[in-house]
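# Structural overview for review
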Amino acid sequence: MKTQLLRVVLVLFTLSGLAMANDDRYEEEIRLWHQKRVENLKKEDGWLNLAGLFWLKEGRNTFGAKAGNDIIFPEEHSAPELGAFILKDGQVTVDIAPGAGVFQGDVPVQTLTVFPYAGKPVVLKHQSLRWFIIQRGDKYAVRLRDLESVC
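Along each chain, the written sequence defines residue order, and numbers are assigned to residues from 1. The predicted nature of this model means local features are confined to residues of pLDDT at least 70 and side-chain atom pairs, given and counted, to a pLDDT of 80 or more, with totals for whole chains, interfaces and linings taken over all residues. The side-chain quantities take in all heavy atoms of the structure and omit both hydrogens and water.

### Things to note about the side chain of His 77
Working definition: helices are DSSP H or I runs of at least four residues, strands are E runs of at least two. Numbering for both runs from the N terminus. Relative to the helices and strands, His 77 is located in the loop between strand S3 (71-72) and strand S4 (83-88). Any residue under 20% of the maximum accessible area for its type is buried, any over 50% is exposed, and the rest in between are partly exposed; the area is computed with a 1.4 Å probe on protein chains only. Given a relative accessible area of 13%, His 77 falls into the buried group. At 2.5 Å, the side chain of His 77 and the side chain of Asp 146 are in polar contact. The residues contacting His 77, other than those within four sequence positions of it, are His 126, Gln 127, Ser 128, Leu 129, Asp 146 and Glu 148. For the purposes of these results, a polar contact is taken to be a pair of N or O atoms within 3.5 Å, where, inside protein, one atom must be able to donate a hydrogen and its partner to accept one; residues adjacent in sequence count only when each atom of the pair is a side-chain atom. Residue contacts are counted whenever heavy atoms from the two residues lie within 4.5 Å of one another.

Spelled out as structure tokens, the structure:
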């Protein structure tokens, strides 16, 4: 009887150890999933760095950090005057101010048609800011990201 009781206790002890090991593995799985999810959200095209959505009006739309612009970018990450978006008949062109430091990839931009685009959006950058044009129905907007604004 004592031997049988000892076996039952030993089996229960072993099972509880396995359950704790499974709990540890499960918690580690969740931790790794969470870490990967946060990393994906912080990527350049993730959701955590969205900083603004600015609707364009037909014609010239100035942008930069200065208060008088039609579109005001974050002051701490933007030059006062970056240039203007020109919306005309569903086409958006950007006209960059001289020396503003706006790039498409590694190439400085002066004047460029940014919408419509073939395939992927034309992404422009200045310091930590990234932006591109989106269309919603018959409206057009600048979608702004700030890579330094992520949590």
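Having put the structure on the table, let's press on.
### Overview of the sheet that holds S4
Pairing between strands is defined by DSSP: at least two bridges between them are needed. Sheet architecture is open: 5 strands sit in the order S3-S2-S4-S5-S8, paired in mixed fashion. The open sheet has two free edges, formed respectively by S3 and strand S8 (111-115), since each of these has just one partner strand.

### A look at the pattern of salt bridges
Between side chains of opposite charge, a pair can form when the charged atoms approach closely. The salt bridge criterion pairs a side-chain nitrogen of Lys or Arg with a carboxyl oxygen of Asp or Glu, the two atoms within 4 Å. This structure, assessed with the given rule, holds 6 salt bridges. For Glu 81, the salt bridge is made with Lys 66, and the minimal N-O distance between the two is 2.3 Å. Separated by 15 residues along the polypeptide, Glu 81 in the loop between S3 and S4 and Lys 66 in the loop between strand S2 (59-64) and S3 bring together distant segments of the chain. Residue classification places Glu 81 among the partly exposed residues on the basis of a relative accessible area of 44%.

### Looking at unusual backbone geometry
The peptide bond linking Phe 115 to Pro 116 adopts the cis configuration, its omega dihedral lying at 0°. With respect to the secondary-structure elements, Pro 116 resides in the loop between S8 and strand S9 (124-126). Despite not being glycine, Asp 89 has its phi angle at roughly 55°, a positive value. Following the sequence through the fold, Asp 89 ends up in the loop between S4 and strand S5 (91-96).

### Thoughts on the packing of aromatic side chains
Here a ring pair, both rings aromatic, is described through the centre-centre distance and the interplanar angle of the planes. Between rings of Phe, Tyr and Trp, where Trp is taken as its six-membered ring, a pair exists when centres lie within 6.5 Å; planes separated by under 30 degrees are stacked, by over 60 edge-to-face, and by other angles tilted. Counted according to the given criterion, the structure contains 7 aromatic pairs. Where Phe 115 meets Tyr 117, the ring centres are 5.3 Å apart and the plane angle is 85°; that geometry is what we call edge-to-face. For Phe 115, a relative accessible area of 9% translates into the label buried. Among the aromatic residues, ring-to-ring pairing joins Phe 54, Phe 63, Phe 73, Phe 85 and Trp 131 into one connected group.

### A few points about the nonpolar core
Nonpolar side chains in soluble globular proteins generally cluster together in the buried interior. In terms of nonpolar packing, the biggest core is built from 24 residues, with Leu 56, Phe 63, Phe 73, Phe 85, Trp 131 and Ile 133 touching the most fellow members. Elements supplying a minimum of two residues to this core: S4, S5, S8, strand S10 (129-136) and strand S11 (139-146). Residues belong to one nonpolar core when they are buried, are Ala, Val, Leu, Ile, Met, Phe, Trp, Tyr or Cys, and are joined through side-chain atoms within 4.5 Å.

### Focus on the side chain of Thr 93
When you line up the elements, Thr 93 lands in strand S5. Its relative accessible area of 16% is what places Thr 93 among the buried residues. Excluding anything up to four places from it in sequence, Thr 93 contacts Ala 84, Phe 85, Ile 86, Thr 111, Leu 112, Thr 113 and Val 114.

So far we have only geometry, and geometry alone does not tell us how the molecule works.
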